[in-house]
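# Report on the structure
Here's the letter readout for the chains.
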Amino acid sequence: MRRRSSARGAGVAVLAAVTAVGLAASPAAADEYSGGMPSTSFTVRPVNVNSTWVGYLDTARGYWNSSGAGASITRTTTSASTYTAGRWTYSWAGRYTPYGSGSSKHFTVEVNVQFIEGRAGSNLTKWILSTSTHELGHGLKLADNPSTSKASLMKYDRDPAVIYKPQPYDVSEVVKYK
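Residues numbered from 1 in each chain as written. Predicted model: local features only at pLDDT ≥ 70, side-chain atom pairs only at ≥ 80, totals over all residues. Heavy atoms only, no water.

## Comments concerning the environment of Lys-105
Relative to the assigned elements, Lys-105 resides in the loop between β4 (94–99) and β5 (106–112). Of the residues examined, Lys-105 reaches a relative accessible area of 17% and is grouped as buried. Those residues in contact with Lys-105 that sit more than four places away from it in its chain are Ser-34, Gly-35, Gly-36, Met-37, Pro-38, Tyr-99 and Gly-100. Among the polar contacts listed, one links the side chain of Lys-105 to the backbone oxygen of Ser-34, at a separation of 2.8 Å. Separated by 2.9 Å, the side chain of Lys-105 and the backbone oxygen of Gly-36 make a polar contact. (Helix = DSSP H or I, 4+ residues; strand = E, 2+ residues; numbered from the N terminus. Buried < 20%, exposed > 50% of the residue type's maximum accessible area, 1.4 Å probe, protein only. Contact = heavy atoms within 4.5 Å. Polar contact = N/O pair within 3.5 Å; in protein donor to acceptor, adjacent residues only side chain to side chain.)

## A word on empty space enclosed by the protein
Counted according to the given criterion, the structure contains 1 cavity of 30 Å³ or more. Considering the residues around the largest cavity, the lining is formed by Asp-31, Leu-142, Ala-143, Pro-146, Ser-152, Met-154, Tyr-169, Asp-170 and Glu-173. Taken together, the residues of the lining of the largest cavity sort by class into 5 nonpolar, 1 polar and 3 charged. (1 Å grid on protein atoms, 1.4 Å probe; cavity = no way out; pocket = protein on both sides within 12 Å on 5 of 7 lines; lining within 4 Å. Points joined across faces, edges and corners; volume = space filled by probe spheres on them. Nonpolar A, V, L, I, M, F, W, Y, C, P; charged D, E, K, R; others polar.)

## Here's the deal with the sheet that holds strand β2 (residues 72–75)
Strand order in the open sheet formed by 5 strands is β2-β1-β3-β5-β4, and the pairing between neighbours is mixed. Here the strands that pair on one side only, and so sit at the sheet edges, are β2 and β4. On average, each strand axis in the sheet is inclined to that of its neighbour by 25°, with strand direction left out of account. Where β4 and β5 come together, 6 bridges link them in antiparallel fashion. Looking across to β5, one finds that Tyr-99 is bridged to His-106. Strands β1 (41–46), β2, β3 (82–86) and β5 of the sheet are contacted by helix α1 (residues 51–65), whose axis makes an angle of about 160° with β2. Together, β3 and β5 form the strand contacts of helix α2 (residues 113–120), whose direction differs from that of β5 by roughly 40°. (Pairing = 2+ DSSP bridges. Axes fitted to C-alpha atoms, helices over the stretch in contact; angles between N-to-C directions.)

## Brief notes about the pattern of salt bridges
In total, this model carries 5 salt bridges according to the counting rule given. Put simply, Arg-75 and Asp-58 hold a salt bridge, and the shortest N to O gap is 2.7 Å. Here Arg-75 is found in strand β2, whereas its partner Asp-58 is found in helix α1, with 17 residues between them in sequence. Under the relative-accessibility criterion, Arg-75 is labelled partly exposed at 37%. Salt bridges sharing common partners tie together Asp-58, Arg-61 and Arg-75. (Salt bridge = Lys/Arg side-chain N within 4 Å of Asp/Glu carboxyl O.)

## Observations regarding α2
Taken together, the buried positions of α2 are occupied by Val-113, Phe-115, Ile-116 and Ala-120. The arc enclosing the buried residues of α2, seen along the axis, measures out at 160°, which places them on a common side. Tucked into the core, α2 has its buried residues touching α1, β3, β5 and α3 (124–139). Near the N-terminus of α2, the side chain that reaches the backbone nitrogen of Gln-114, with its oxygen 3.3 Å away, is that of Asn-112. Just beyond α2, the residue with positive phi is Gly-121, at close to 55°. (Arc of directions from axis to C-beta.)

## Remarks on the pairing of β4
Within β4, 5 of the 6 residues are buried, leaving the element largely enclosed by the surrounding structure. Here β4 hands over to β5 after 6 residues, with Gly-100 in that stretch at a positive phi of 75°.

Printed below as a string of structure tokens:
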């Protein structure tokens, strides 16, 4: 799998393919994502989305904030970190792109409605929440496809209709990387 880079054009698929080959069972390894925010408390601003999409963002934030991971993700109108949704012809469901460093670190989350609608069927809301919550997980220093056999929101091969909230493994990893 490709690693995320800070270059905007180098985003990778969140749900590259739901039918992707699963990871072999293996012990947990260091899967900390260096593009995450400096702490588990950060803000995010919705951009160019309607109230329905603000609701998806708020639900995804709520999943993390109530997960026991120590997350405090707040929605503001002034944050440099942004969340948006659109219809792109790219083959990814969502993309997290970090910018800056230290106290000026921020990110952009993009949710690709076109990609998700083509795959979600009657589970559209759960897929959007799975993608949105997954992308916020990067802000909490979680990498894609952790080296674990446990259920994880951060795995590409998860079923987004079933795994759309942080799993116990994800929560323990956020706590570990604080």
